[in-house]
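Breakdown of the fold
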Amino acid sequence: MDCQKIGMFIKTLRKEKGFTQKQLADKMGISDKTISKWERGCGMPDVSLWKDLSELLGANIEDILKGEAEHNSFANGNMKNIKYYICPVCNNLTISTATAGVYCCGRKQENITAVKAGESTKLAVEESDGDWYITSNHPMEKENYISFVAFVTADSVQLYKQYPQWTMQARIPKRRHGILLYYSTTKGLFYQYL
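Parameters and conventions
- Residues numbered from 1 in each chain as written.
- Predicted model: local features only at pLDDT ≥ 70, side-chain atom pairs only at ≥ 80, totals over all residues.
- Heavy atoms only, no water.
- Helix = DSSP H or I, 4+ residues; strand = E, 2+ residues; numbered from the N terminus.
- Rg over C-alpha atoms; globule rule 2.2 N^0.38 Å.
- Buried < 20%, exposed > 50% of the residue type's maximum accessible area, 1.4 Å probe, protein only.
- Contact = heavy atoms within 4.5 Å.
- Areas by Shrake-Rupley, 256 points an atom, 1.4 Å probe, with all protein chains shown as cover.
- Lys, Arg positive; Asp, Glu negative; His and termini not counted.
- Charge placed at Lys NZ, Arg CZ, Asp CG, Glu CD.
- Phe/Tyr/Trp six-rings, centres within 6.5 Å; stacked < 30°, edge-to-face > 60°.
- Pairing = 2+ DSSP bridges.
- Axes fitted to C-alpha atoms, helices over the stretch in contact; angles between N-to-C directions.
- Disulfide = S-S within 2.5 Å.
- Polar contact = N/O pair within 3.5 Å; in protein donor to acceptor, adjacent residues only side chain to side chain.
- Core = buried A, V, L, I, M, F, W, Y, C linked by side-chain atoms within 4.5 Å.

1. A word on the overall build of the chain
On a plain count of helices and strands, the chain comes out with five helices and 13 strands. Taking 16 Å as the expected radius of gyration for a compact globule of 194 residues, we find that the chain reaches 23 Å, considerably beyond that expectation. Overall, the chain is about 70 × 35 × 25 Å in size when its C-alpha atoms are taken along their principal axes. When the 194 residues of the chain are sorted by exposure, 39% land in the buried category. Sequence-distant contacts, at least 24 apart, represent 54% of the contacts inside the chain between residues at least 6 apart. Carbon together with sulfur atoms contributes 49% to the accessible area of the chain, which is approximately 11200 Å² in total. Distance between charge centroids for the chain: 3 Å, based on 25 positive and 21 negative side chains.

Here it is as structure tokens:
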């Protein structure tokens, strides 16, 4: 670990938050001399202080330890290039129009790539009153269910949350062509064209 680099990063984050060394130290229950020592690269925070430091500075611990923030790429926001991050612990869904540093349940999440649905994994799509009515015979059990269905066009994303032990269904207004995605908690992320 580069104590100088980490110290400079802590100083930058502290200033961005508008804290003096004394204010940050008071919030953490330590002396301002300790903060000064870290920022000069003459020492490192104790393990017991990292969580509070991370929360107060608004940066994750991994970035502070690297001494720099991970910057996200910019992809002009085309929704068809959207990235999906699904936490394997809690099934929380985070979406981004470009690669991003996403954390959930204390772990860095990786972008999940959608796989084209085969005949046996496609969702059933029927037209009904100007809508697409989406259903599936996929099991909807506590440990094995479709967590969400999304309809993606170049400029929008419509998300439909699904729940275990409910019938999997969604009604999507039929406006134009796009990509229909769904996430199975046991099989992964699939897509098909509408």
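2. Here we look at the packing of aromatic side chains
If you walk through the whole model with that rule in mind, you get six aromatic pairs. Ring centres of Y84 and F148 lie 6.3 Å apart, and the angle between their planes is 20°; on these two criteria the pair is classed as stacked. Highlighted residues: Y84 in strand β1 (residues 83-86) and F148 in strand β9 (residues 146-152), separated in sequence by 64 residues. Members of the aromatic cluster, joined through ring pairs, are Y84, F148 and Y183.

3. Re the sheet that holds strand β7 (residues 124-128)
Here three strands make up an open sheet; going across it, the order is β7-β8-β11 and the pairing antiparallel. Here the strands that pair on one side only, and so sit at the sheet edges, are β7 and β11 (169-173). The mean angle between the axes of side-by-side strands here comes to 25°, regardless of whether they run parallel or antiparallel. Bridging between β7 and strand β8 (residues 131-135) involves five bridges; their strand directions are antiparallel. Counted as the bridge partner of S128 is D131 from β8.

4. With respect to unusual backbone geometry
The phi torsion at D129 lies on the positive side, around 50°, for a residue other than glycine. Along the chain, D129 falls in the loop between β7 and β8. Positive phi outside glycine occurs at Q165, with the angle close to 70°.

5. A short note on the state of the cysteines
Taken as a whole and assessed by the stated rule, the structure comprises zero disulfides. In this structure C90 is a free cysteine whose sulfur lies 3.6 Å from that of C104, the closest cysteine sulfur available. You can call C104 buried: its relative accessible area is 13%.

6. A short note on the side chain of N60
Structurally, N60 can be placed in the loop between α4 (50-57) and α5 (61-66). Side-chain polar atoms of N60 contact the backbone nitrogen of D63, separated by 2.7 Å. With near-sequence residues (within four places) excluded, N60 lies in contact with S54 and Y103.

7. Topic: the nonpolar core
Core analysis: the biggest nonpolar cluster contains 17 residues, and L123, I134, I146, V149, I172 and L180 have the highest contact counts within it. Among the secondary structure elements, those contributing two or more residues to this core are β8, β9, β11 and β12 (179-184). Per element, the largest residue contribution to this core is three residues, and it comes from β9. By size, the runner-up hydrophobic cluster in this structure holds 16 residues, among which are M28, I35, W38 and A59.

8. A closer look at the pairing of strand β13 (residues 188-193)
Along any regular strand, the residues point their side chains to alternate faces of the sheet. Bridging between strand β6 (residues 115-116) and β13 involves two bridges; their strand directions are parallel. The residue of β13 that forms the bridge with K116 is Y191. A loop of three residues connects β12 with β13, the two strands running antiparallel in sequence.

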